[in-house]
Structure formats: C-alpha cells, structure tokens
Amino acid sequence: AQSVTQLGSHVSVSEGALVLLRCNYSSSVPPYLFWYVQYPNQGLQLLLKYTTGATLVKGINGFEAEFKKSETSFHLTKPSAHMSDAAEYFCAVSGSSGGGADGLTFGKGTHLIIQP
Amino acid sequence: GAVVSQHPSWVICKSGTSVKIECRSLDFQATTMFWYRQFPKQSLMLMATSNEGSKATYEQGVEKDKFLINHASLTLSTLTVTSAHPEDSSFYICSAQSYRGSIAEAFFGQGTRLTVV
C-alpha cells in the first residue's frame, strides 16, 4: 500500500522568495516519486520525478526535489518564486518508475500563492 | 512529450441523463489508460484502469454500472457517467500510458469538468 502526505494545503510566499512544498510518503515497495503542477481547470503537468540514482532531482521551471529515504520525504523547492508559479501542486507515488503501469497515488495537493 | 486530449473540457447536464467523456492519445498508442476523479480542492482519486480490448478494472467503491468505461482502440478510451446526479459533479481526468523503452510513463489529459444540475 502507498500513501502521500502533503503538509500544508496552502503555502504563501513573496515573489522572489524561496518556495518549499513538503511531501512525505509511505510505500511497501521501492517508491517512485513525482511532482505535478495543475493550473485552474487544466490537467496535470509533470514537474519532475525520482526513479533511481541521484537523489536530487531537477525539473522544469527551476524546481527541484530531494529524495530522502531516511525521512521518507520528497520536498519540492524553488530558489526564487515567480508569479506564474501560483498553482496547485501534487506529490504522487507509484510502484512503477514511469507512474504509468499501475496508476499514481496522489497527495491532497498544496495551493501555492505568490504575493507580489 | 506524448499528447493526451480529453473532450469535452466542460459539460453541464441535467440530472438523470448520461454523459460521455473521451480520452485520446494523439501521437502514441496506449494499451492502458487511467481515469481519475477530483473533487473541489481535493486530490485525484483513481477510479479505474482501462485496458484496450478488455474490461476495465475499477477501484474499490467505484460503481462500475454507473461509470462505464470502454477502451475499444489503442488511442481512445471513453468514460460514460450514466444517470448522472448532482453528486457526480466533479473534475474527471484521464491519463494514458506510453512506453519509453521498458518504462511506462503517464501523460494526462486536460480534464473535463462535469456539472450536473
């Protein structure tokens, strides 16, 4: 069984400030971890994913995440927030490296608000 | 990346009627597609796994007779919400499986917002 917990349903940061979105997971098999972004009334866009190898993963739009097995965490960060980053962010876990073999288990999402 | 198209992007229907949502993989063949449901300000919940040429596999608690899934070709899966009621109002998103080598990756459609009045 797998589950994802995202701490904080809403996170507000100032433009130019550090973005930190928290994600913890539980998995009975080696996890594959994903971060997706969703803009209003749109589908999901993959930001980045961890499969194997390097634990610091870089994604699109300047985002990165670090897989910490000892902490069962996969927090998402961005050094400097832009107004365009305002969206809903979902952390997800899968038993397959692409997320496509058996579906994804999603966290409840974190709404990122960027203050001007 | 691979493109998945969902249609319609939004639909309003009367209570008791049926609504069909299409999910197409535009530039690849998808033997497997997934249907998710998202309630307002909540996460996506997997409803069912759709396999081309066979019956869909539904998650626990999802009524198979209410949410009919057909995956008749390698590029099209449909979700039909039968006898829709206001509580079925939700955002429905599909994802299609595309293989990169031996790795199955998921690509998402843009979603369909269903409102039942």
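Below, the structure is looked at part by part.

Procedures and definitions
- Residues numbered from 1 in each chain as written.
- Chains lettered and ligands numbered in written order.
- Predicted model: local features only at pLDDT ≥ 70, side-chain atom pairs only at ≥ 80, totals over all residues.
- Heavy atoms only, no water.
- Salt bridge = Lys/Arg side-chain N within 4 Å of Asp/Glu carboxyl O.
- Disulfide = S-S within 2.5 Å.
- Helix = DSSP H or I, 4+ residues; strand = E, 2+ residues; numbered from the N terminus.
- Buried < 20%, exposed > 50% of the residue type's maximum accessible area, 1.4 Å probe, protein only.

Things to note about the pattern of salt bridges
According to the stated counting rule, one finds four salt bridges over all chains in the structure shown. Notably, a salt bridge pairs glutamate 64 of chain A with lysine 58 of chain A, separated by 2.8 Å at the nearest N-O pair.

Considering the state of the cysteines
Evaluation of the coordinates by the stated rule reveals two disulfides over all chains. Between the sulfur atoms of cysteine 23 of chain A and its disulfide mate cysteine 91 of chain A the distance is 1.9 Å. Measuring the twist about the S-S bond at about -65 degrees, one finds the cysteine 23 of chain A-cysteine 91 of chain A disulfide to be left-handed. A residue pair is termed long-range when its members are at least 10 positions apart, and cysteine 23 of chain A in strand β3 (residues 19-27) and cysteine 91 of chain A in strand β9 (residues 87-94) qualify at 68 residues. By relative accessible area, which is 0% here, cysteine 91 of chain A ends up buried. Here cysteine 23 of chain B pairs with cysteine 94 of chain B through a disulfide, and the sulfurs are 2.0 Å apart. Judged by the sign of its S-S torsion, about 80 degrees, the cystine formed by cysteine 23 of chain B and cysteine 94 of chain B is right-handed. Within this pair, whereas cysteine 23 of chain B is found in strand β3 (residues 19-25), its partner cysteine 94 of chain B is found in strand β9 (residues 90-100), the two being separated by 71 residues in sequence. With no disulfide of its own, cysteine 13 of chain B has cysteine 94 of chain B as its nearest cysteine by sulfur position, at a separation of 18 Å.

Purely geometric numbers; function is a separate question.
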